[in-house]
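Structural description and commentary
Read off the chains here:
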Amino acid sequence: MLTTVARRDRWAPAGQRVHSDEREATMVSGTEVRREVVVGSPARPAGRRRWLVPVLLAVGWLLGVGWRMWLSRHVPLPIAHTDEDSYLHTARALAGGPGGFSSENGPLRRVGYPLLISPAFLGERDFADSYRLVQLINAAVNATVLPLAYLLVRRLVPVRRAVALAAAAVAATLPATVFYAGVAMIDAVLAPLVLAWLLAVHHWVRRPGPLVAAGAGALVGAFHLLHSRGLVIVGVHVGLVLLLFLRRRISPAQVLAAVLPVLAAALLNAVVIRLLGDRVYLLGDPPGGGTVRAVASGPGLLRVGAAVATQLWYLVVITFGLAGVAWAGAVTALLRRPAVDTSTATTPVPAVAPALAPGAALTPAPAPGAAPVLAATLAPAAAPAPGAAVAAGGSRSAADVGATRWTFGVALVTSVGVAAGASVILAGITTKPLDAIYGRYVQMLAPFWLLVGVGLLVAATPRSRWRRAAVAAGVLLAGATLIAARLAWVASRGHELRYGGFGAPDLMALTGGWREFRPFTGALVGLVGCLLLVVAVRRPRWRVPVLAALVAVNLGTMQVITDRLVRPMVAATAPTPRVADVGVRPGDRVWASLGVQWVLRFNLSHQVTWADVRWFVDNPPADADVVFVRWAPGEPDDWDGARHGFVRMGGNVEQHWAAWRRR
């Protein structure tokens, strides 16, 4: 029979209490018997501890939702135009209300996020109330990063529960994770989706089966339904399916199970778009010749390469160097092959081990909620190669090491692919200056790489820690030098690169660069954070307090972003008074003049919940009951409604808008 006995982890100092998750299995005879012996702890407290982690995760999720809603209390109207306007108009139309414009284009149009938030527009309610419900949906989904992060770090890297909880709290409070939860932006839901997908990939490779294949495919389909960057995820998924099939790790049935949900999501997207019809009209230009011309040259490729490098550098900075540590460990794990190919789908399973799924290594399954552990195998050849387990993050079974290597490979390709795809698309937008940095598209990957970095630092030997930290330092310094050279080169030719609040708000707060890009300051932030972490994890007692300190840094950073960036944006984009307060009533046919500043025009129009507010240039349409126009006394473009038969109801002369009603 197979007996499980407790042991002290080989890195644990003498005298440290043995935890229930630190155990190993030994082969005794033909049947599997699992018995957990906890040293120094009576059975009753151990039972209570089994409930402690789920309770902590549930409470943490609730606190996360409340914190996100508290941060968004200052945002009563959209501030991220025109993306928010597009999603909100589509969601309103899906809920049966009027439509509106969308800044999307046909090939890249997606309806997943509007479908998610459309319940906020059911019934007759004020726009501010619907927008608050959208923020609540965002907060509820975004806060699931905490439990997903805990599960992922426990699967990928065998660390103690306390360390895993602390690392998950850091990932769940990262500004890159939290920032977009307060606005109607798709990015609010992508970070938890990335964690769920990579968790599914790890489970699928470790224990192949049709059900988990369908789950992974469904998550990829959700990516495709949500945003065009899901095309990168789809491409990676297709490559993963082909590789697993060619290596005979999955069956044709699993191939179908993994692919059909993606096709179903693409079909659903097309069907919903057709049902919407012309109620939502597109203003975006499809990518085409401009994109090709922007990259089809030596200078164009250099610009795209610099943009990709900047985004990857940004990930290392905002994770305090941990992304660089993770990349070093991931590449090492990929280059160092195990002694044998673990878990093959066509491997026959002996009858003496009925609990093993087809394709799984001959190792005992972990207890529910427990991290993968090092298990004895039936033959010495099934053990991982020397150093393979450490490269993947610690002592684990051969199946776990293999699944982790595949997951690392998928995450690395996805990171580079998303950065490259975003850079190519943005380079094709020739109507605006290029961005000095635009980290929004890769922010969804920051929690994953932070978790991997924490796990690899904790589980590594001292020499490995310093080697990986050296890689992170090299990335930070080389990236800062490249960015500084790029900025200087552009400035020497009389141009400037765009630098705005939605490009990298967390980097702005961490470096104090509210008006200018400070690459070397960012590199210093990453270097200091990485050095402190490498020194701290040498002592197990310091690990949780240091990670708790990072949580405090994240909380403080979000508060700074709120005070220095979000609230000024709200003050500049929220029209006052409300349209209801100036006498605009449900049923009024409302039009808006292009003379009103575009952000104010959009936020005025959102408050007209019963109709799609269209635009005019100077002469209002004959069927207009109310118009929003420019109010600038003494200036040539001040709109005089009296000559059109209108009377002014009110407005805000400082914001240069007024509402007029037809007599």
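Refer to the preceding data block for the structure.
Residues numbered from 1 in each chain as written. Predicted model: local features only at pLDDT ≥ 70, side-chain atom pairs only at ≥ 80, totals over all residues. Heavy atoms only, no water.

1. A short note on the overall build of the protein chain
Rules: Working definition: helices are DSSP H or I runs of at least four residues, strands are E runs of at least two. Numbering for both runs from the N terminus. Exposure categories follow from relative accessible area, calculated using a 1.4 Å probe and restricted to protein chains: below 20% of the type maximum is buried, above 50% is exposed, and the middle band is partly exposed. Should any heavy atoms of two residues lie within 4.5 Å, those residues are considered in contact. The Shrake-Rupley method, run with a 1.4 Å probe sphere, supplies the accessible areas, and residue values consider only the shown protein chains as cover.
Within the protein chain one finds 22 helices and nine strands. Burial statistics for the protein chain: of 663 residues in total, 55% are counted as buried. For the protein chain, the share of sequence-separated contacts (at least 6 apart) that also reach a separation of at least 24 residues comes to 76%. When the accessible surface of the protein chain is summed, it comes to about 27700 Å², and 65% of that surface belongs to carbon and sulfur atoms.

2. Thoughts on the side chain of His81
To keep things clear, this is the line we draw: Pairing of N or O atoms within 3.5 Å defines a polar contact, subject to two protein rules: one partner must be a possible hydrogen donor and the other a possible acceptor, and residues neighboring in sequence count only if both atoms are side-chain atoms.
Take His81: it is sitting in the loop between helix 1 (43-71) and helix 2 (83-94). A polar atom in the side chain of His81 sits 2.8 Å from the side chain of Asp85. In this structure, His81 is in contact with Trp598, Val599, Phe602 and Asn603, ignoring residues within four places of it in sequence.

3. Considerations on the nonpolar core
To keep it simple, the criterion reads: Among buried residues, those of type Ala, Val, Leu, Ile, Met, Phe, Trp, Tyr and Cys that are joined through side-chain atoms within 4.5 Å constitute a nonpolar core.
If you look at the biggest cluster of nonpolar residues, it comprises 155 residues, and the most contacted ones within it are Tyr113, Trp197, Trp204, Trp313, Phe448 and Trp449. Looking at this core element by element, the count peaks at 14 residues for helix 8 (residues 187-206). In contact with Tyr113, other than residues within four places in its own chain, are Tyr87, Val134, Asn138, Val183, Ala184, Met185, Ile186, Val189 and Leu226.

4. Topic: helix 22 (residues 598-606)
Helical geometry: 3.6 residues make up each α-helical turn, so side chains three or four residues apart lie on a common side. By the criterion of burial, helix 22 is predominantly enclosed, with eight of the nine residues buried. Val599, Leu600, Arg601, Phe602, Asn603, Leu604, Ser605 and His606 are the residues of helix 22 that are buried. The distance from a side-chain oxygen at the start of helix 22 to the backbone nitrogen of Val599 is 3.1 Å, and the residue carrying that oxygen is Gln597.

5. Regarding helix 20 (residues 519-536)
For clarity, the threshold we go by: Here, expected helix span is obtained from the residue count minus one, scaled by 1.5 Å.
Taking 1.5 Å per residue, 18 residues should reach 26 Å; helix 20 reaches 26 Å between its end C-alpha atoms and fits that length. Within the sequence span of helix 20, burial applies to Pro519, Gly522, Ala523, Val525, Gly526, Gly529, Cys530, Leu533, Val534 and Ala536. The secondary structure elements touched by the buried residues of helix 20 are helix 13 (298-318), helix 14 (322-335), helix 17 (446-459), helix 18 (462-492), helix 19 (505-511) and helix 21 (540-573).

6. Observations concerning the sheet that holds strand 9 (residues 657-662)
For clarity, the cut-off: If DSSP finds at least two bridges between two strands, the strands pair. In this analysis an axis means a line fitted to C-alpha atoms, helices contributing only their contacting stretch, and an angle means the value between N-to-C directions, from 0 to 180 degrees.
Spatially, 6-5-7-9-8 is the arrangement adopted by the five strands of the open sheet, whose pairing is mixed. The sheet terminates laterally at strand 6 (614-616) and strand 8 (646-652), the two strands that pair on one side only. Taking the axes of each pair of neighbouring strands and ignoring which way they run, one obtains an average angle of 30 degrees across the sheet.

7. Side note on a nonpolar patch on the surface
Going by this rule: Patch criteria: residues need more than 30% relative accessible area and no salt bridge. Like-charged residues are merged within 9 Å; nonpolar side chains of Val, Leu, Ile, Met, Phe, Trp and Tyr are merged within 5 Å. Note on definitions: salt bridges are taken to be side-chain nitrogens of Lys or Arg within 4 Å of carboxyl oxygens of Asp or Glu.
A surface patch of nonpolar side chains, amounting to about 450 Å² of accessible area, comprises Trp51, Val55, Val59 and Leu63. In this structure, Val55 sits in helix 1.

8. Here's the deal with the pairing of strand 5 (residues 590-593)
The cut-off we apply is this: A right-handed crossover is one whose linking path, passing over the helix from the first strand to the second, runs clockwise when the strands point away from the viewer.
By the alternation rule, side chains of strand 5 split into Val590 and Ala592 and Trp591 and Ser593, which are all buried. By the bridge criterion, three bridges tie strand 5 to strand 6 in an arrangement that is parallel. Residue pairing for strand 6: Ala592 is matched across the bridge by Trp615. For the crossover from strand 5 across helix 22 to strand 6, the handedness is right-handed.

9. Thoughts on the pairing of strand 9
Along strand 9, five of the six residues are buried, which leaves the element largely enclosed by surrounding structure. Bridge count between strand 7 (residues 626-629) and strand 9: four bridges; the pairing is antiparallel. Bridging across to strand 9, Val626 finds its partner in Arg661. Bridge analysis of strand 8 against strand 9 gives six bridges, and the strand direction is antiparallel. Note on strand 9: the bridge partner recorded for Asn652 is Trp657. The turn joining strand 8 and strand 9, which pair antiparallel and follow one another in sequence, is formed by four residues; a positive phi near 65 degrees is taken by His656.

10. Quick notes on empty space enclosed by the protein
To keep it simple, the criterion reads: Within this scheme a cavity is a closed region of a 1 Å grid, computed over the protein atoms alone, that accommodates a 1.4 Å probe without allowing it to escape, whereas a pocket is open but has protein on both sides within 12 Å along at least five of seven lines; lining residues each have an atom within 4 Å of a point. Grid points are joined across faces, edges and corners, and a volume is the space filled by probe spheres set on the points. Residues were grouped as follows: Ala, Val, Leu, Ile, Met, Phe, Trp, Tyr, Cys and Pro as nonpolar; Asp, Glu, Lys and Arg as charged; and all remaining residues, including Gly, as polar.
What the rule picks out here adds up to seven cavities of 30 Å³ or more. Along the walls of the second largest cavity sit 14 residues, with Leu71, Phe179, Gly182, Met558 and Val566 positioned nearest its centre. Contributions of two or more residues to the lining of the second largest cavity are made by helix 1 and helix 21. If one sorts the elements of the lining of the second largest cavity by residue count, helix 21 sits on top with four residues. Counted by class, the lining of the second largest cavity contains ten nonpolar, three polar and one charged residues.

11. Re the side chain of Gln443
As for its placement among the helices and strands, Gln443 is situated in the loop between helix 16 (398-427) and helix 17. For Gln443, a relative accessible area of 2% corresponds to the buried category. Here Tyr314 takes part through its side chain, which lies 2.7 Å from a polar atom of the side chain of Gln443.

12. Regarding the pattern of salt bridges
Inspection of every chain in the model, using the stated rule, returns 14 salt bridges. With a closest N to O distance of 3.1 Å, Arg589 and Asp625 form a salt bridge. Here Arg589, found in the loop between helix 21 and strand 5, pairs with Asp625, found in the loop between strand 6 and strand 7; they are 36 residues apart in sequence, far enough to count as distant. Salt-bridge contacts for Asp618 lead to Arg643; the nearest nitrogen and oxygen are separated by 3.8 Å. Residue Asp618 is located in the loop between strand 6 and strand 7, and its partner Arg643 is located in the loop between strand 7 and strand 8; the two are separated by 25 residues in the primary sequence.

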